[in-house]
Amino acid sequence: MLLYETIATGLRRQIAQGTLRAGERLPSVRQLARAHQISPATAVQACLQLEREGLVQARPRSGYFVHAAPSAAPIASAPRRRAPGMVDNPALQDLLELPERPGLLPLHAAVADASLLPHAALSAALARVLRRRPTASFDYAPPQGDAALRRRIALRYEQIGTPMTAEEVVVTAGAMEAISLALRTVTAPGDVVLVETPTYYGILQAIAALRLKVLEVPSRLGNGIDVARLDRLLQHTPVRAAVLVPNFSNPTGGLTSDVDKAALVASCARHGTVVIEDDIYGELAWSGQRPLPLRHWDTTGKVITCGSFSKTLAPGLRVGWLAGAGWTDALTRAKYFSSCSSASLPQLAVADYLARHGLERHLRKLRRTVADNGQRMRDAIVRHWPEGTRCSAPSGGLSLWLQLPPGGDGQALFEAALADNIGISPGTLFSSRGDYGDCVRLSCGLPWDARLEAALRHLGTLASTQL
């Protein structure tokens, strides 16, 4: 046995025996080297071996920490097969984001904390644009959006091998306006729209507002959309459009494989179903390997790709987009009839920021921080929540999806947490009929600190009290 393997074996034994517990820091490389009279390089090799085995995690400038024993993934408690119908979930009718409350810990909001976003650089871009282009900043933008910004958006997709031209990009007020415009363009009231379940409640609200029927296809939790089930549904039901989140879906964080993405696009094309993909989390792969959008496999011009800078740069700027190939003219008209155009100043500022900074350097730091935070949260859930709690293990995005043990009630936990100034999202919001009553969604977009750790411990106590 090599020397570093001997050291790794000793540490592995301490983890198995509980001497080193979940979330605890391993001895530093310097301490290991001194204690075992080995070189720092050998100590690093031992830690890297444990990291490859999934027993520890490296945290930037902090060292190596013990992973929690992996929590089981939530059971795929998909609702029974239903015929298409109108959205019938009273909780969605009046739902708005939780109002501003002093001291509220926003674990309900699937956004990155302001401290993780490049607000200083964006503020400088806003000031620069106002100084250099005051007339354009306050004038109407073209309905399709600022040309320089559209070029930058198209270039991001070109860089991952997915052809897109600036001429087909339409700038919107965030991703939800993009999805709503796409639905309004390709459907008529009474049409059937397919969604995965669970899915983001904003998509369900948009479908309900347009008087469309919804058909749900289960997600394979952790593995994305169940493409075989989707194809069977399309064979038996005429579906006009499918609104899908293949990359780190909200709320489960599931990632659909490339093989399944290709099959999904082919199936929808074969059955005449327009695909509206929400690619808002595509840039947030924790590994740094950006997954391909569905558009990559589109050969018929039937995939409309929607996205936004809300999760990566600034939610308040409301800069999103859609790219619809053959639908571009109709989508531009829909945008014009809806709001004439998006605000000029945010578009010009984002284009300026992208020209000067790009995205990669910022995204590398954001991805690392969110990935680290997600693992810390999962560790805390394993330690502090009642036995039998199941937690998703996403590889990207901003959400953790939890299933409580038998007897757990997500709505009751939401109400109890809110009374203590902690915001979470009950699982019933993520279904057209109020399913997933034993689930909750937590955001992992907040920076890790003592307050967040205490909140997760308290939520675990509240969940235990229920049982």
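Relevant structure appears above.
Residues numbered from 1 in each chain as written. Predicted model: local features only at pLDDT ≥ 70, side-chain atom pairs only at ≥ 80, totals over all residues. Heavy atoms only, no water.

Would you mind going over the overall build of the protein chain with me for this structure?
The secondary structure content of the protein chain amounts to 16 helices and 17 strands. Across its three principal directions, the C-alpha atoms of the protein chain cover 70 × 55 × 45 Å. The buried share of the protein chain, reckoned over its 467 residues, is 55%. Partitioning the contacts of the protein chain with sequence separation of at least 6, the portion at a separation of at least 24 is 75%. A total accessible area of about 19800 Å² is found for the protein chain, and carbon and sulfur atoms account for 53% of it. Of the side chains in the protein chain, 51 bear a positive and 40 a negative charge, and the two mean positions are spaced by 5 Å. (Helix = DSSP H or I, 4+ residues; strand = E, 2+ residues; numbered from the N terminus. Buried < 20%, exposed > 50% of the residue type's maximum accessible area, 1.4 Å probe, protein only. Contact = heavy atoms within 4.5 Å. Areas by Shrake-Rupley, 256 points an atom, 1.4 Å probe, with all protein chains shown as cover. Lys, Arg positive; Asp, Glu negative; His and termini not counted. Charge placed at Lys NZ, Arg CZ, Asp CG, Glu CD.)

Help me understand the environment of aspartate 352 in this model?
Relative to the helices and strands, aspartate 352 is located in helix α13 (residues 344–357). With relative accessibility at 17%, the residue aspartate 352 sits in the buried group. Remark: the alpha-carbon pair of aspartate 352 and arginine 232, spanning 120 residues in sequence, is separated by 46 Å.

What should I look at first to understand helix α7 (residues 147–158) in this one?
The periodicity of an α-helix, 3.6 residues per turn, causes residues three or four positions apart to be oriented the same way. Taking 1.5 Å per residue as the helical rise, α7 with its twelve residues ought to reach 16 Å, and the 16 Å between its terminal C-alpha atoms agrees with that figure. Of the residues making up α7, those classed as buried are Leu149, Arg150, Ile153, Ala154, Arg156 and Tyr157. The buried residues of α7 occupy an angular sector of 150° when the element is viewed end-on, so they sit on one face. Residues of α7 that are buried sit in contact with β5 (169–172), β11 (303–308), β12 (320–323), α13 and α14 (360–384). (Expected span 1.5 Å × (residues − 1). Arc of directions from axis to C-beta.)

For this particular structure, what's the right way to read the nonpolar core?
Note on soluble globular proteins: their nonpolar side chains tend to be buried together. In this structure, Leu107, Leu149, Phe309, Trp385, Ile424, Leu442 and Leu459 are the most contacted members of the largest nonpolar core, which totals 65 residues. For this core, the element with the most residues is α14, which contributes seven residues. If we ignore the near neighbours within four places in the chain, the residues touching isoleucine 424 are Leu107, His108, Leu413, Phe414, Ala417, Val440, Arg441, Leu442 and Leu459. Ala178, Leu183, Leu322 and Cys439 belong to the second-largest nonpolar core, a separate cluster that totals 36 residues. (Core = buried A, V, L, I, M, F, W, Y, C linked by side-chain atoms within 4.5 Å.)

Please explain the packing of aromatic side chains as it appears in this structure.
Two aromatic rings, taken as a pair, are described by how far apart their centres are and by the angle between their planes. Applying the stated criterion to the full structure yields six aromatic pairs. Measuring from ring centre to ring centre gives 4.8 Å for tyrosine 200 and tyrosine 201, while their planes differ by 40°; the resulting arrangement is tilted. The exposure class of tyrosine 201 is buried, given its relative accessible area of 6%. Clustering of aromatic rings is evident, with ring pairs tying together Tyr200, Tyr201, Trp401, Phe430 and Tyr436. Across the ring face of phenylalanine 65, the terminal group of arginine 376 is positioned such that the distance to the ring centre comes to 5.7 Å. (Phe/Tyr/Trp six-rings, centres within 6.5 Å; stacked < 30°, edge-to-face > 60°. Lys NZ or Arg CZ within 6 Å of the ring centre and 35° of its normal.)

Looking at this structure, how should I read the pairing of β12?
Regular strands show a simple pattern: their side chains alternate between the two faces of the sheet. Of the two faces of β12, the one holding Gly320 and Leu322 and the one holding Trp321 and Ala323 are both buried throughout. Here β5 pairs with β12 via four bridges, running antiparallel. When the bridges of β12 are listed, valine 169 appears paired with alanine 323. Summarising the sheet, β11 and β12 pair through four bridges and their orientation is antiparallel. Paired with serine 308 across the two strands is glycine 320, which belongs to β12. (Pairing = 2+ DSSP bridges.)

I tried to follow the pattern of salt bridges on my own but got confused; where do I start?
Think of it this way: side chains of opposite charge can pair up when their charged atoms draw near. As enumerated under the stated definition, the model contains 15 salt bridges in all. A salt bridge links aspartate 352 to arginine 128, with the shortest nitrogen-to-oxygen separation between them at 2.6 Å. Of the two residues, aspartate 352 is situated in helix α13 and arginine 128 in helix α5 (residues 119–132); the sequence distance between them amounts to 224 residues. For arginine 128, a relative accessible area of 13% puts it in the buried group. The partner of aspartate 279 in a salt bridge is arginine 290, with the nearest N and O atoms 2.6 Å apart. In this pair, aspartate 279 is assigned in the loop between β10 (274–278) and β11 and arginine 290 in the loop between β10 and β11, connecting sequence segments eleven residues apart. The pair formed by aspartate 279 and arginine 290 is uniform in burial state, with each residue classed as buried. Residues joined by salt bridges that share partners form a network here, namely Arg156, Asp279, Glu283, Arg290, Glu360 and Arg367. (Salt bridge = Lys/Arg side-chain N within 4 Å of Asp/Glu carboxyl O.)

Please clarify how the sheet that holds strand β17 (residues 439–443) should be interpreted in this entry.
Across a sheet, strands are paired by hydrogen bonds formed along the backbone, either parallel or antiparallel in direction. Read from one edge to the other, the open sheet built from four strands follows the order β13-β14-β17-β16, with strand pairing classed as antiparallel. Each edge of the sheet is formed by a strand with only one pairing partner; in this case those strands are β13 (390–391) and β16 (425–426). Pairing of β13 with strand β14 (residues 399–403), which is carried by two bridges, proceeds in the antiparallel orientation. Its bridge partner being in β14, arginine 390 is matched across the sheet by glutamine 403. Docked against the sheet, α14 engages β13, β14 and β17, running at close to 15° with respect to β14. (Axes fitted to C-alpha atoms, helices over the stretch in contact; angles between N-to-C directions.)

Help me understand the side chain of arginine 376 in this model?
With respect to the helices, strands and loops of the structure, arginine 376 is situated in helix α14. Of note is the side chain of arginine 376, whose polar atom sits 2.8 Å from the side chain of aspartate 372. (Polar contact = N/O pair within 3.5 Å; in protein donor to acceptor, adjacent residues only side chain to side chain.)

Help me understand the packing of α5 against α13, please; the structure alone is not making it clear to me.
Packed helix pairs are specified by the crossing angle of their axes together with the interaxial distance, meaning the distance between the axes. For the pair α5 and α13, the least separation of the axes is 8 Å and the interaxial angle reads 115°. Here the hand of the crossing between α5 and α13 comes out right-handed. Listed contacts from α13 to Ala121, Leu122, Ala125, Leu126, Arg128, Val129, Leu130 and Arg132 of α5 are Leu345, Leu348, Ala349, Asp352, Tyr353, Arg356 and His357. Its residues assigned to classes, the contact of α5 with α13 shows ten nonpolar, one polar and four charged. (Left-handed = near helix turned anticlockwise from the far one by under 90°. Nonpolar A, V, L, I, M, F, W, Y, C, P; charged D, E, K, R; others polar.)

Whenever I open this one, a positive patch on the surface confuses me. Can you help?
On the surface, a cluster of positive charge is made up of Arg61, Arg361, Arg364, Lys365 and Arg368. For arginine 368, the location among the structural elements is in helix α14. Its relative accessible area of 47% is what places arginine 368 among the partly exposed residues. (Patch = residues over 30% accessible without salt bridge, like charges linked within 9 Å, V, L, I, M, F, W, Y side chains within 5 Å.)

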